[in-house]
Amino acid sequence: MFTVKLSSEAPELIEAPALATWVFEQSNPLDGPLAELDQKAGSRLKELVEAGELTGKAGETLLLHYPAGFKTQRLLLLGAGKPKKFSPAIDVRQLAGLATRFLKARKVTEFTFWLGRDHATPEAAQAVVEGVLLANFDPASYRTNGKKEKPVADLQLVGFDAKNEKEVAAAVQRGQVIAEAQNFARELANEPSNRLTPRLFAERATAMARDAGLELDVLDEARLRELKMGALLSVAQGSAEPPRLVVLTYTPPTWKHGQPILGLVGKGITFDTGGISIKPSDGMEKMKYDMAGGATMAGAMRALAALKPAHKIIALIPLAENMPGSRAQKPGDVQIAMSGKSIEVINTDAEGRLVLADALTYARQLGATHLIDAATLTGAVVVALGYVNVGTFGNNQKFLDAFLASGRAAGEKFWVLPVDDDYRDNIKSAIADIQNVGKGRGGGATNAAIFLKEFVDDTPWIHLDIAGTAWLEEAKPGMAKGPSGVAVRTLIHFAEHFSPDA
Ligand code: BES
Ligand code: ZN
Ligand code: ZN
């Protein structure tokens, strides 16, 4: 259980295992509320500044035990970098995450975060709660040797007036819903493929939908066949594990027929061997997270069920295991997608676009008027953007701009890449309507996007290639290495602010 208490007490009077706050990198890092306190405490902190031990550089941590003038057992000072660049949504979350990872590594599982008078806003309170919970996530979920770190369980926030207590409490609640949704997505992406097959993913989604109060439909193989989802079925046919298509629906009480529906589609390949176009064994274990896009959408829906936005939202997660079994599809095979388009499968490792093609078609059949998909789709996006930005594509500038604004608000990074029709020739096939890989060497992430575009027609659509960002190769100050849950927060923000006239 995670508890949050709010307090308006003076920080020096707080009795806690630890009190964390931040200092900026500036000529005097103690400028601000700490200066006053330090004077009372005999300028001990000032001595540390003069000695160069406390600079305020981003990521810096300085832990003081039984600091003079304070009642707390420990004072943790966090470097916040230059004040000009400071934003609550990004920096406060990261600082709270940094404090959490620092303290829990030292077995401190209860702490107080002091926001300072100027920054004690509901937005910052939300950011602290998110930062703590995201930093609490531990990917070592199958470790049995008792060495697992205990998460931070009790958080106190100080600096608030009693005046805005209600708003702050609501913001704390929001922060918890959002971070838990992101952690849910991370948990799924972290599961090994033997413990998260398409059927098991569907079971987890079913349990989540029941708890969250979402409508749910799980389509089995027979129904996928009835719907003629030839592209999705072709990916699954090489595996003994049958495919599934999970459909989650959130309907606001005021929704009426004909009103816009936001459709979220997430790639759910529970393991990607590449199929007959098999991948090299080096690093193949990572292909357990090839369902991260599906996990992202499941996570976003979990939060939206609680946050209750004004519009109807559906999420579709096509689930399959891409295996080179004896019934596997082979390079050169032609498949007929649900939309009726014929696809020449040149490379069985370009399977994500195949399962997404049918899910996008079905989303439109279910009434989606706007579409966003998320997928660990291409190695090429990693070549283009590395591990920092999500490769972002769209066919409607207004829709895309609104999404990018949500990304900034949620503190996540998206970089737009092209999908204009000049790339269309790259996927021309000699035998079918299109082929599943592009010709030529470059532009692999765009070729994948242009393939998806064939299945959305004029529906406003955004495609997120999260192959480089769904998994952190290195820990960040506030996040363990492993699954990141990227885009969950942005999608939640976007769905809450969705204005369909785009
Ligand atoms: N799942 C992979 C993409 C991927 C790569 C995800 C690295 C995460 C990290 C996808 O199915 C794939 O194999 N794509 C191929 C496409 C190619 C055959 C056109 C790729 O990018 O190599
Ligand atoms: Zn693949
Ligand atoms: Zn894949």
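Structure's up top.
Residues numbered from 1 in each chain as written. Chains lettered and ligands numbered in written order. Predicted model: local features only at pLDDT ≥ 70, side-chain atom pairs only at ≥ 80, totals over all residues. Heavy atoms only, no water.

Caption draft 1: Here's a closer look at the coordination of the zinc ion (ligand 2). Looking at the zinc ion (ligand 2), the protein donor atoms are Asp272 (OD), Asp349 (O), Asp349 (OD) and Glu351 (OE), and they sit 2.0 to 2.2 Å from it. Look at where the donors of the zinc ion (ligand 2) fall in the sequence and you get D-x76-D-x1-E. For the pair the zinc ion (ligand 2) and the zinc ion (ligand 3), the metal-to-metal distance amounts to 3.2 Å, and aspartate 272 bridges them. One end of the pair, aspartate 272, is in strand β10 (residues 268-272); the other, aspartate 349, is in the loop between β13 (342-345) and α10 (352-365), with 77 residues separating them in the sequence. Judged by relative accessible area, which is 3%, aspartate 272 ranks as buried. (Donors = N, O, S within 2.8 Å, 3.2 Å for Na, K, Ca; no water. Helix = DSSP H or I, 4+ residues; strand = E, 2+ residues; numbered from the N terminus. Buried < 20%, exposed > 50% of the residue type's maximum accessible area, 1.4 Å probe, protein only.)

Caption draft 2: Looking closely at the packing of helix α3 (residues 88-104) against helix α4 (residues 122-136). Running from N to C, α3 and α4 point in directions that differ by 40 degrees, and their axes come no closer than 7 Å. Taken together, the axes of α3 and α4 are oblique relative to one another. For α3 against α4, the interelement crossing comes out right-handed. In contact with Pro88, Ala89, Val92, Arg93, Ala96, Gly97, Thr100, Arg101 and Lys104 of α3, α4 contributes Glu123, Ala124, Ala127, Val128, Glu130, Gly131, Val132, Leu134, Ala135 and Asn136. When the residues that make up the contact of α3 with α4 are grouped by side-chain class, the tally is 10 nonpolar, four polar and five charged. (Axes fitted to C-alpha atoms, helices over the stretch in contact; angles between N-to-C directions. Parallel < 35°, antiparallel > 145°, perpendicular 65-115°, else oblique. Left-handed = near helix turned anticlockwise from the far one by under 90°. Contact = heavy atoms within 4.5 Å. Nonpolar A, V, L, I, M, F, W, Y, C, P; charged D, E, K, R; others polar.)

Caption draft 3: Highlighting the coordination of the zinc ion (ligand 3). Around the zinc ion (ligand 3), the protein contributes the donor atoms Lys267 (NZ), Asp272 (OD), Asp290 (OD) and Glu351 (OE), which lie 2.0 to 2.4 Å from the metal centre. In this structure, the zinc ion (ligand 3) is coordinated by six donor atoms arranged in octahedral fashion, with angles at the metal of 78 to 173 degrees. All donor residues of the zinc ion (ligand 3) come from one chain, and their arrangement in sequence is K-x4-D-x17-D-x60-E. A residue is classified by how much of its surface remains accessible, and aspartate 290, at 3% relative accessible area, is buried. (Tetrahedral: all angles 85-135°; square planar, octahedral: opposite > 155°, others 65-115°.)

Caption draft 4: Fine view of the pattern of salt bridges. In the structure shown here, the tally under the stated rule is 22 salt bridges. In this structure, glutamate 351 engages lysine 267 in a salt bridge whose closest nitrogen and oxygen atoms are separated by 3.0 Å. Of the two residues, glutamate 351 is situated in the loop between β13 and α10 and lysine 267 in the loop between β9 (261-266) and β10; the sequence distance between them amounts to 84 residues. As far as the burial class goes, glutamate 351 and lysine 267 line up, both buried. The partner of lysine 428 in a salt bridge is aspartate 425, and the shortest N-O contact between them spans 3.5 Å. On the basis of relative accessibility, which here comes to 46%, the residue lysine 428 falls in the partly exposed class. One network of salt bridges, in which partners are shared, links Arg93, Glu130 and Arg489. (Salt bridge = Lys/Arg side-chain N within 4 Å of Asp/Glu carboxyl O.)

Caption draft 5: Main features of the nonpolar core. Core analysis: the biggest nonpolar cluster contains 56 residues, and Leu248, Leu262, Leu264, Met301, Ile372, Leu464 and Ile492 have the highest contact counts within it. With 10 residues, the single largest contributor to this core is helix α9 (residues 292-307). Contacts of methionine 301, omitting those with residues within four sequence positions, involve Leu214, Leu248, Thr249, Tyr250, Leu264, Ile313, Ile314 and Ala315. Of all hydrophobic cores here, the second largest spans 51 residues; its members include Val247, Leu371, Leu417 and Ala449. (Core = buried A, V, L, I, M, F, W, Y, C linked by side-chain atoms within 4.5 Å.)

Caption draft 6: Fine view of the pairing of strand β15 (residues 390-394). Judged by how many residues are buried, β15 sits mostly within the fold: five of five residues are covered. Both faces of β15 are covered, namely the face carrying Val390, Thr392 and Gly394 and the face carrying Gly391 and Phe393. Handedness of the crossover joining β15 and strand β16 (residues 414-416) through helix α12 (residues 397-410): right-handed. Judged from the four bridges that link them, β15 and strand β18 (residues 461-465) form a sheet pairing that is antiparallel. (Right-handed = clockwise from strand over helix to strand, strands pointing away. Pairing = 2+ DSSP bridges.)

Caption draft 7: Looking closely at empty space enclosed by the protein. Evaluation of the coordinates by the stated rule reveals two cavities of 30 Å³ or more. Taken together, Ala185, Arg186, Ala189, Ala292, Ala295, Thr296, Ile466, Ala470, Pro483, Ser484, Gly485 and Val486 make up the lining of the largest cavity. For the lining of the largest cavity, the elements supplying multiple residues, two or more each, are α5 (165-190) and α9. Split into classes, the residues belonging to the lining of the largest cavity amount to eight nonpolar, three polar and one charged. The computed volume of the second largest cavity comes to approximately 30 Å³. Lining the second largest cavity are Ser234, Val235, Gly238, Gly275, Ile276, Asn322, Met323, Ala328, Gln329 and Thr348. (1 Å grid on protein atoms, 1.4 Å probe; cavity = no way out; pocket = protein on both sides within 12 Å on 5 of 7 lines; lining within 4 Å. Points joined across faces, edges and corners; volume = space filled by probe spheres on them.)

Caption draft 8: Examining the site of ligand 1 more closely. As a structural note, the neighbourhood of ligand 1 is formed by 16 residues, with Lys279, Asp290, Asp349, Glu351 and Gly379 the closest of them. In this structure, aspartate 272 approaches ligand 1 through a side-chain N or O atom, which is 2.9 Å from an oxygen atom. The side chain of lysine 279 places a nitrogen or oxygen atom 2.8 Å from an oxygen atom of ligand 1. Its free accessible area being 510 Å², ligand 1 has 77% of it covered by the protein chains. For the shell around ligand 1, the residue count by class is five nonpolar, four polar and seven charged. (Near = heavy atom within 4 Å. Polar contact = N/O pair within 3.5 Å; in protein donor to acceptor, adjacent residues only side chain to side chain. Areas by Shrake-Rupley, 256 points an atom, 1.4 Å probe, with all protein chains shown as cover.)

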